[in-house]
Amino acid sequence: MKTPVVLGISGSIRSQDKHFKELYQLILRADSSGTLLASMQDSGIVFANSDIALACSLLGARQAGADIKLISIKKIAKTVSQSYSSKYSKSANPSLFPVGDATIESMLDKVRNATGVVLASPVYFGDRSSVANKFLQLANHHGVLAGKVFGAVAVGAKRNGGQETTLIYCLVDALAQGAFAVGNGPATCQYGGTLVAGEANTVYGDTWGITRALELGNRVGQVSSLIAWGQARSQKRRLNIQVLMAMDRPDKKFRQVAEKYFAPVSKKHEVEFHDLIDHPIARCHACDVCPYAGKTKPGEEYAYNCKVRSKTDCAFLLNKAMMNADALVIVGINTADDVIYRYQAFTERTRYLRRDNFQLTNIPVIGMLIEELGGTNNPLHQLKVVTSYIRHNTILISPIKITMKDDRIVHQTEQGRILEQLEIVRSGRDLSQGQAVSYKAEGYAIKKQETIASVRK
Ligand SMILES: Cc1cc2nc3c(=O)[nH]c(=O)nc-3n(C[C@H](O)[C@H](O)[C@H](O)COP(=O)(O)O)c2cc1C
């Protein structure tokens, strides 16, 4: 297998692209974020904060065994005209997506040749920069992010300045384009790198943010290896797809819709449905000691390590199925009718899986929404699946949507690409030696005592 390539893209207008050759060498020579940041500061170059965050991510990717590449996209802001009308601009360009432009073609080729992509952006109005946005538009137009591992880092001047919203929007767009989206992995397992600094070249002191940027690159690098193995040796196989109906009407109207959607898939794969409305779900007790390994014997597979011991409880019943899945499809409904809603209670109960050294590591998760036109009760379901389940160190896959009008399906996501993605992850995980994954509580005075890592594929 070829070594995976992780491409770092800086989306700041302040990016020091003319010094990127030098920056690339600094990343290659560094053996830690400390030496990297010291050498960047010693260089005398006034880097954009996004460049600094990106350099740390690429060091993380390199440490995970990936080859790295580094580009700035600030020039695409000049190449793609800001004006489409000659009324106000001499350089007006009526073409939305210019063909044959050397800057853009070179950028697209670099994305095509990469296994993984890290996008670094400043936070502008709680969102990515217009340059980073232009990249995502071009990527969508040319379909270059499909099948790539995608992660992001964001730098804003303030704590809570919109770093998280920026990352979430990037992840959602990359998912829509067919990428495998990941967060920053353990320790914190959130949406990516969140860094705080205002003036250019000042983010060096944000040790916490720098660590998250490094982790993000590391996770993109690791998952890129998995995907590269999977792409090289992908085999058609019987996938184990677990469909969790997290809400429904009492007559299970929407389970029938989901069953119909998966009927062609069920011919080749094992598709198992679970109606969460049928089972009691005890709310998470927020125990200090979690995971609770009371009944677990050493080496026991699929151990259920939650203090709620009821044998009829939904989390107890689904424990093994979730850990053993090749895909978890979490179905939500957006309708004008009332539905029985079990998503929140169920999701909070999965805390013990996360705290048990991220039991769901690398399991592909898909948010599926069945939406009736005019629905009002749950419009954000797929977004919520992204933001909650990325915390389980999973790999997010393009969401599925079924749109209905007057009880008729008027549109539904095609299944082919999703199955292909799942087959690649399964093959990659089979070939993986696994990696050490450990959970350590952040923000709690009472830390989990035992921090022995688990090997997760
Ligand atoms: C137009 C504009 C909008 C901004 N909006 C935000 C914001 O919403 N939240 C925030 O924390 N910082 C905001 N900032 C500050 C930048 O995110 C911050 O300076 C960052 O370090 C820039 O990264 P860079 O050095 O990579 O360009 C904004 C800056 C500009 C110029």
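Residues numbered from 1 in each chain as written. Predicted model: local features only at pLDDT ≥ 70, side-chain atom pairs only at ≥ 80, totals over all residues. Heavy atoms only, no water.

Let's hear about the overall build of the protein chain: which residues, and what values?
A tally of helices and strands in the protein chain yields 14 helices and 17 strands. Taking 457 residues into account, the globule formula puts the C-alpha radius of gyration at 23 Å, and the protein chain, at 23 Å, falls close to it. The dimensions of the protein chain, computed from C-alpha atoms along their principal axes, are 65 × 55 × 40 Å. In the protein chain, the share of contacts with a sequence separation of at least 24, taken over all contacts with a separation of at least 6, comes to 80%. On the protein chain, roughly 19900 Å² of surface is accessible, and the fraction owed to carbon and sulfur atoms is 51%. (Helix = DSSP H or I, 4+ residues; strand = E, 2+ residues; numbered from the N terminus. Rg over C-alpha atoms; globule rule 2.2 N^0.38 Å. Contact = heavy atoms within 4.5 Å. Areas by Shrake-Rupley, 256 points an atom, 1.4 Å probe, with all protein chains shown as cover.)

I'd love a proper account of the site of the ligand, names of residues and values included.
Around the ligand there are 17 residues in total, and Ser12, Arg14, Ser50, Val123 and Ala197 lie nearest to it. Measuring from an oxygen atom of the ligand, one finds a side-chain N or O atom of Arg14 at 2.7 Å. At 2.6 Å from an oxygen atom of the ligand is found a side-chain nitrogen or oxygen belonging to Ser50. In isolation the ligand offers 630 Å² of accessible surface; the protein chains occlude 77% of this area. Among the elements of the structure, α3 (49–63) and β4 (149–156) are those that each provide at least two residues to the shell around the ligand. Across the shell around the ligand, the residue classes tally to eight nonpolar, seven polar and two charged. (Near = heavy atom within 4 Å. Polar contact = N/O pair within 3.5 Å; in protein donor to acceptor, adjacent residues only side chain to side chain. Nonpolar A, V, L, I, M, F, W, Y, C, P; charged D, E, K, R; others polar.)

Would you mind going over the state of the cysteines in detail, with residue names and values included?
Tallied over the full model, the rule gives zero disulfides. Take Cys170: it sits in no disulfide, and the sulfur closest to it among the cysteines is that of Cys56, at 18 Å. With a relative accessible area of 2%, Cys170 lands in the buried category. Cysteine Cys287 remains unbridged, with the sulfur of Cys290 as its closest cysteine sulfur at 6.4 Å. When its relative accessible area of 18% is taken as the criterion, Cys287 is described as buried. (Disulfide = S-S within 2.5 Å. Buried < 20%, exposed > 50% of the residue type's maximum accessible area, 1.4 Å probe, protein only.)

How would you summarise the nonpolar core if you had to cite specific residues and measurements?
Ranked by size, the top nonpolar core spans 136 residues in total, and within it Met40, Phe135, Phe150, Ile241, Phe262, Met368 and Ile370 carry the most contacts. Once you skip the residues sitting within four places of it in the chain, Ile370 turns out to touch Phe254, Val257, Ala258, Val331, Gly332, Ile333, Asn334, Ile402 and Met404. By size, the runner-up hydrophobic cluster in this structure holds five residues, among which are Cys189, Phe358, Val437 and Ala441. (Core = buried A, V, L, I, M, F, W, Y, C linked by side-chain atoms within 4.5 Å.)

Let's hear about the packing of helix α1 (residues 20–29) against α3: which residues, and what values?
Packed helices, taken two at a time, are described by their axes: the angle between them and the distance between them. As a packed pair, α1 and α3 sit with axes 9 Å apart at the nearest point and diverge in direction by 40 degrees. Our classification of the angle between α1 and α3 gives oblique. The way α1 lies across α3 gives a crossing that is right-handed. Contacts between α1 and α3 involve Phe20, Leu23, Ile27, Leu28 and Arg29 from the former and Asp51, Ala55, Leu58, Leu59 and Arg62 from the latter. When grouped by side-chain class, the residues that make up the contact of α1 with α3 number seven nonpolar, no polar and three charged. (Axes fitted to C-alpha atoms, helices over the stretch in contact; angles between N-to-C directions. Parallel < 35°, antiparallel > 145°, perpendicular 65-115°, else oblique. Left-handed = near helix turned anticlockwise from the far one by under 90°.)

Describe the packing of aromatic side chains, listing the residues and the values that go with them.
In total, this model carries six aromatic pairs according to the counting rule given. Ring geometry for Tyr304 against Tyr352: centres 5.3 Å apart, planes inclined by 75 degrees, an arrangement best described as edge-to-face. Here Tyr304, found in the loop between β9 (270–275) and α10 (314–323), pairs with Tyr352, found in helix α12 (residues 351–355); they are 48 residues apart in sequence, far enough to count as distant. Considered together, Tyr304 and Tyr352 belong to a single accessibility category, that of buried residues. Here the aromatic residues Tyr261, Phe262 and Phe273 are joined through ring pairs into a cluster of three or more. Across the ring face of Trp208, the terminal group of Arg212 is positioned such that the distance to the ring centre comes to 4.4 Å. (Phe/Tyr/Trp six-rings, centres within 6.5 Å; stacked < 30°, edge-to-face > 60°. Lys NZ or Arg CZ within 6 Å of the ring centre and 35° of its normal.)

Hey, could you go over the environment of Asn362 for me, with residue numbers and the actual values?
Within the secondary structure, Asn362 is located in the loop between α12 and β12 (364–372). Judged by its relative accessible area of 2%, Asn362 falls in the buried class. Sequence-wise, Asn362 and Asp406 are 44 residues apart; in three dimensions their C-alpha atoms are separated by 38 Å. Aside from chain neighbours lying at most four places away, what touches Asn362 is Arg219, Val223, Leu226, Asn393, Thr394, Ile395, Val425, Arg429, Gln435 and Lys457.

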